[in-house]
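Architecture at a glance
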Amino acid sequence: MIESFKQAVEVFEYDLLFASRNLHGSNKSYLEHFRYRGVDGVVVVCSDIHNEQVRELMANSLPSVVIDLSSTTSSVVYSDNITGSKLAVVHLYSLGHRRIAHIAGHESTFAGQERQKGFIRAMEELSLPVLDDYIVNGQFFSEQGGYDAMKRLLSLEEPATGIFVAGDNMAIGAIEAIREAGFDVPKDFSIIGFDDINIAKLIHPKLTTIKQQTDLIGKRSAELLLEQINTKEKLTKQIKVPVKLVERDSCRKI
């Protein structure tokens, strides 16, 4: 995503400045730092939805684009998380699964919220019960978060047969927990992830997942930011990037 953004803006001879969370120990806020450096615009990637400095930045007149975060004061580019989640649930349903669980991303993240919302909508549209025990917090999209969440699902008296996991890293952790418990994917449990990270097609079994078009996200973000810079006008456009189901080997018909 970042490489795609970089290529799109370098055509117009823009340089990129990366700002880390602690700004090298400086007491300056993001906004103060960017003003000091004289930047033309800012793209915010993978930020905390509750970060006050990010919110200050988005509300300012400085041209900005936010990736995967909800905002009414800044332009936003994000994957169609809700539709992607519904695709995942419908796929499991089409394979015969009726007990479907969800390992969710952290509730403080936009992607986590949207993907859980899509899961619930799909379950309701398919007239399947949404059980509290079947929605488990996988924390911040890590393998460990997926592993811990799957352990909880395995401890249930009647575990789900299909699990939609809100991120591929968490799905990898979930598969490890299943194997450690003496079960098999997809023989005993079907797992579907979200993101289509590079390793998804290399692990065993190869992971069925929802593919994000990260290159297109980067390109659209660049176009939106350049439009604001060139027109000298702060915009609050929203661009939703389509996703698609990638079928591999981690799900089976029952």
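Computed from a prediction, not measured in an experiment: that's the story for all the values here.

Helix and strand counts for the protein chain come out as eight helices and 10 strands. The principal-axis extent of the C-alpha atoms belonging to the protein chain is close to 60 × 35 × 35 Å. If you take every contact in the protein chain between residues at least 6 apart in sequence, the share linking residues at least 24 apart comes to 71%. Side chains of the protein chain give 29 positive and 34 negative charges; the mean places of these two sets differ by 3 Å.

Take the sheet that holds strand β10 (residues 243-246) next. Reading across the sheet, the six strands line up as β5-β4-β6-β7-β8-β10 and stay open at both edges, with mixed pairing between neighbours. Strands with a single pairing partner mark the edges of an open sheet, and in this sheet they are β5 (135-137) and β10. Adjacent strand axes in the sheet meet at a mean angle of 20 degrees when their direction is disregarded. Pairing geometry for strand β4 (residues 100-104) and strand β6 (residues 162-165), over four bridges, is parallel. Bridged to Ala-101 within β6 is Ile-163. Packing against the sheet, helix α6 (residues 143-154) makes contact with β4, β5 and β6, and its axis sits at approximately 150 degrees to β4. Sheet contacts for helix α7 (residues 168-180): β4, β6, β7 (190-195) and β8 (208-212); angle to β7, the most-contacted strand, approximately 160 degrees.

Between Val-185 and the following residue, Pro-186, the backbone shows a cis peptide bond with an omega angle of 10 degrees. Here Pro-186 lies in the loop between α7 and β7. Here the residue pair His-204 and Pro-205 is connected by a cis peptide bond, since its omega of -5 degrees sits within 30 degrees of zero. Mapped onto the fold, Pro-205 is located in the loop between β7 and β8. The backbone of Ser-127 sits at a positive phi, close to 60 degrees, despite the residue not being glycine. The exposure class assigned to Ser-127 is exposed, which follows from its relative accessible area of 64%.

For the rest of this paragraph, the subject is the packing of helix α2 (residues 30-37) against helix α3 (residues 52-59). The contact between α2 and α3 brings their axes to 8 Å, and the two run at 50 degrees. One finds that α2 runs oblique with respect to α3. Two secondary-structure elements touch here, α2 through Tyr-30, Leu-31 and Phe-34 and α3 through Gln-53, Val-54, Glu-56 and Leu-57.

With that settled, consider the packing of aromatic side chains. On inspection of all chains with the given rule, the structure shows four aromatic pairs. Here Phe-183 and Phe-189 contribute two aromatic rings whose centre-to-centre distance is 5.6 Å and whose plane-to-plane angle is 85 degrees, an arrangement assigned as edge-to-face. For Phe-183, a relative accessible area of 39% corresponds to the partly exposed category. You can call Phe-189 buried: its relative accessible area is 7%. Above the ring of Tyr-93, the side-chain terminus of Arg-98 is found at 3.7 Å from the ring centroid.

Nonpolar side chains in soluble globular proteins tend to be buried together. Ile-103, Met-150, Leu-153, Ile-163, Val-165, Ile-191 and Leu-207 are the most contacted members of the largest nonpolar core, which totals 29 residues. Secondary-structure elements contributing two or more residues to this core are β4, α6, β6 and α7. Take this core: its biggest share by element is seven residues, from α7. Counting 15 residues, the second largest nonpolar core, distinct from the first, contains Ile-100, Ala-122, Leu-128 and Val-243.

Moving on to the packing of helix α1 (residues 2-10) against helix α8 (residues 214-231). Between α1 and α8, the least distance of the axes is 7 Å, while the angle of their chain directions is 35 degrees. Between α1 and α8 lies a crossing of right-handed hand. Contacts from Ser-4, Phe-5, Ala-8 and Val-9 in α1 reach Asp-215, Gly-218, Lys-219, Ser-221, Ala-222, Leu-225 and Leu-226 in α8. When its residues are assigned to classes, the contact of α1 with α8 shows six nonpolar, three polar and two charged.

What counts, and at which threshold
- Residues numbered from 1 in each chain as written.
- Predicted model: local features only at pLDDT ≥ 70, side-chain atom pairs only at ≥ 80, totals over all residues.
- Heavy atoms only, no water.
- Helix = DSSP H or I, 4+ residues; strand = E, 2+ residues; numbered from the N terminus.
- Contact = heavy atoms within 4.5 Å.
- Lys, Arg positive; Asp, Glu negative; His and termini not counted.
- Charge placed at Lys NZ, Arg CZ, Asp CG, Glu CD.
- Pairing = 2+ DSSP bridges.
- Axes fitted to C-alpha atoms, helices over the stretch in contact; angles between N-to-C directions.
- Buried < 20%, exposed > 50% of the residue type's maximum accessible area, 1.4 Å probe, protein only.
- Parallel < 35°, antiparallel > 145°, perpendicular 65-115°, else oblique.
- Phe/Tyr/Trp six-rings, centres within 6.5 Å; stacked < 30°, edge-to-face > 60°.
- Lys NZ or Arg CZ within 6 Å of the ring centre and 35° of its normal.
- Core = buried A, V, L, I, M, F, W, Y, C linked by side-chain atoms within 4.5 Å.
- Left-handed = near helix turned anticlockwise from the far one by under 90°.
- Nonpolar A, V, L, I, M, F, W, Y, C, P; charged D, E, K, R; others polar.

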